[in-house]
Amino acid sequence: FFSYWPPYTYNRHLKLIADCSAQISTKGGIFGDYNPTIESLTRTLEGREIECISIGNGKLTAWIQHRQHPGESMAEFFAEGFLHRLLGIGANGALDDA
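What comes next concerns the included structure. From a predicted model like this one, the values you see are computed outputs, not experimental measurements. (Residues numbered from 1 in each chain as written. Predicted model: local features only at pLDDT ≥ 70, side-chain atom pairs only at ≥ 80, totals over all residues. Heavy atoms only, no water.)

Time to look at the overall build of the protein chain. Helix and strand counts for the protein chain stand at 2 helices and 2 strands. Taken from N to C terminus, the helices and strands of the protein chain fall in the order α-β-β-α. The long-range share in the protein chain, meaning contacts at least 24 apart out of those at least 6 apart in sequence, stands at 49%. (Helix = DSSP H or I, 4+ residues; strand = E, 2+ residues; numbered from the N terminus. Contact = heavy atoms within 4.5 Å.)

Okay, here's the thing in structure tokens:
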């Protein structure tokens, strides 16, 4: 088995979603009007959920899409770091000053 990038396992993906959910539910007040949410959009043929994490409610919208193809595991590593930074995961709940 050869790959360009190290695999991003489904268990790690589930942990990322759980970490985001825990941060949102326990630190909800620190997000102010950003009101982050996690919802399931649909399921794959294998029955795995496809999640959407929404943060904010302003006039502008940015979509951060990743891992739409099986060989793009590096994109989920990016998304993990991005979500950790946005939600303050692993930073004792502290968010960056805007």
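To continue, consider the nonpolar core. Core analysis: the biggest nonpolar cluster contains 7 residues, these being Tyr-8, Leu-16, Cys-20, Ile-24, Leu-83, Leu-87 and Ile-89. Elements with a minimum of two residues in this core: helix H1 (10–26) and helix H2 (73–87). Ranked by the residues each element gives to this core, the list is headed by H1, at 3 residues. Those residues in contact with Cys-20, other than ones at most four positions away along the chain, are Ile-38, Ile-53, Leu-83, Leu-87 and Ile-89. (Core = buried A, V, L, I, M, F, W, Y, C linked by side-chain atoms within 4.5 Å. Buried < 20%, exposed > 50% of the residue type's maximum accessible area, 1.4 Å probe, protein only.)

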